[in-house]
Amino acid sequence: MTILDQIIERKKEEVAAAKSRISLDRLKNTALFGRPTYSLKASIKNKSGIIAEFKRQSPSKGIINNNVEPLEVVSAYENFGASGISILTDHDFFGGDLNDVLSVRNEINIPVLRKDFMIDEYQFYEAKSIGADVVLLIASCLSPAQVQEFTDLAHQLKMEVLLEIHTEDELKHFNSKIDLVGINNRNLKDFKVDLQHSVQLKNQLPKEVLSVAESGIYSLEDFQFLKEKGFDGFLMGEYFMKNTDPAKAFEEFSSQI
Ligand SMILES: O=P(O)(O)OC[C@@H](O)[C@@H](O)c1c[nH]c2ccccc12
C-alpha cells in the first residue's frame, strides 16, 4: 500500500466519524457558512502569485515545525504579499486541524485554501463551515466524474477549486469549470521532485487556464524558473515552515522577487 492509499483509507474512517459527530444541518448553521468568499483566481492575478502554506509535518519530511501558531505565520504571509494561504487540515499525516483554518479566518483578508484529501461531499460543507475559500481536488484520488461533481458542489458553496495533477494521464480530470490547475512537482508516491516534468505538463493545458506550480520550490532560482515558464501561482510550504521563524523567511523571500 502506498502512503497515499493509507491516507485515503484513514480519511474514509475520519469522514464517517465526523458525519456521526456533526450533522450536515449543523454545519450549514455555523457562523461562517454563509460568508462571502475571496477569489484565489483574482488574488493570484493581482499579487505575487505565492500561495504560502502552513504545514507542521508531512509524510515525506516528518516534523517540519511544531513551534509556531497559525495566526502569527499566516498574518505575515498576508502582510508581505502572499496571494493566498494554504492550510493543511489533515491531522494524522500532516499534523493539521480544522481549527487552524477557523482560528485565522476572521483575522486575514486573503483567500484560504483548505488543504486536505477530499473524497466525500461532507468535507465540502465542512470546508465552508470553517471559512475556506478554496478546496483542493487531487486527481489521483478521484475519478474525472467525481472531480466534476465536487467542482459543482464547491461552486454552489461559493468556493473555488484547485485541481492537482501530476501525470499526463490525469489531464483527463480537467474540465472547463475548474478554477485553477495545480501541477505537483512532487510525486506523492515516491516524493521525488521534478520541475521540468511539471513544465512539460503545464504546456499541455489550455493557455487560458491559471496554473499553479506546487511543492519542492526550494530557492529563488526554482521560483524564477517556474515563473519564466509561465506558471501563474506558486504553492510553497516547507521553504518557509522549516525555519524557526517562517514569517521572517517569507518576508525575506518576498523582498527578492
Ligand atoms: O512544502 P512544499 O514542498 O513547498 O509543498 C507545499 C505543497 O505543495 C504540498 O504540501 C502539497 C501539494 N499537494 C499536496 C497534497 C496533499 C498534501 C500536501 C500537498
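The notes below deal with the structure included here.

About the cut-offs
- Residues numbered from 1 in each chain as written.
- Predicted model: local features only at pLDDT ≥ 70, side-chain atom pairs only at ≥ 80, totals over all residues.
- Heavy atoms only, no water.
- Helix = DSSP H or I, 4+ residues; strand = E, 2+ residues; numbered from the N terminus.
- Buried < 20%, exposed > 50% of the residue type's maximum accessible area, 1.4 Å probe, protein only.
- Contact = heavy atoms within 4.5 Å.
- Axes fitted to C-alpha atoms, helices over the stretch in contact; angles between N-to-C directions.
- Parallel < 35°, antiparallel > 145°, perpendicular 65-115°, else oblique.
- Left-handed = near helix turned anticlockwise from the far one by under 90°.
- Nonpolar A, V, L, I, M, F, W, Y, C, P; charged D, E, K, R; others polar.
- Near = heavy atom within 4 Å.
- Polar contact = N/O pair within 3.5 Å; in protein donor to acceptor, adjacent residues only side chain to side chain.
- Areas by Shrake-Rupley, 256 points an atom, 1.4 Å probe, with all protein chains shown as cover.
- 1 Å grid on protein atoms, 1.4 Å probe; cavity = no way out; pocket = protein on both sides within 12 Å on 5 of 7 lines; lining within 4 Å.
- Sits in = over half its atoms within 2 Å of the grid points.
- Salt bridge = Lys/Arg side-chain N within 4 Å of Asp/Glu carboxyl O.

1. Regarding the environment of Glu214
In step 1: In this structure, Glu214 sits in strand E9 (residues 210-214).
In step 2: For Glu214, a relative accessible area of 1% gives the class buried.
In step 3: Measuring from C-alpha to C-alpha, the distance between Glu214 and Gly182 comes to 6.2 Å, with 32 residues separating the pair along the chain.
In step 4: In contact with Glu214, other than residues within four places in its own chain, are Leu136, Leu162, Glu164, Gly182, Ile183, Asn184, Asn185, Arg186 and Leu235.

2. With respect to the packing of helix H8 (residues 195-202) against helix H9 (residues 220-228)
In step 1: Two elements in contact, H8 and H9, have axes whose closest approach is 11 Å; the angle formed by their N-to-C orientations is 15°. Here H9 runs roughly parallel to H8, going by the angle between their axes. As for how H8 packs across H9, the hand of that crossing is right-handed. Taken together, the residues of H9 that come into contact with H8 (itself represented by Leu195, Gln196 and Val199) are Asp222, Phe225 and Leu226.
In step 2: Residues of the contact of H8 with H9, tallied by class, amount to 4 nonpolar, 1 polar and 1 charged.

3. A word on the site of the ligand
In step 1: Near the ligand you find 18 residues, and of these Glu53, Glu164, Arg186, Ser215 and Glu238 are the closest.
In step 2: The separation between an oxygen atom of the ligand and a polar side-chain atom of Lys115 is 3.3 Å.
In step 3: Within the backbone of Glu238, a nitrogen or oxygen atom sits 2.7 Å from an oxygen atom of the ligand.
In step 4: Bound to the protein, the ligand loses 99% of the 440 Å² it would expose on its own.
In step 5: The pocket occupied by the ligand, as judged from atoms lying within 2 Å of grid points, is the largest cavity.
In step 6: At the level of secondary structure, the elements contributing two or more residues to the shell around the ligand comprise strand E6 (134-138) and strand E10 (233-236).
In step 7: When the residues that make up the shell around the ligand are grouped by side-chain class, the tally is 7 nonpolar, 4 polar and 7 charged.

4. Examining the pattern of salt bridges
In step 1: In this structure the tally under the stated criterion is 20 salt bridges.
In step 2: We note a salt bridge from Arg10 to Asp92, for which the minimum N-O separation is 2.5 Å. One end of the pair, Arg10, is in helix H1 (residues 3-21); the other, Asp92, is in the loop between strand E4 (84-88) and helix H5 (98-105), and 82 residues separate them in sequence.
In step 3: A residue is classified by how much of its surface remains accessible, and Arg10, at 30% relative accessible area, is partly exposed.

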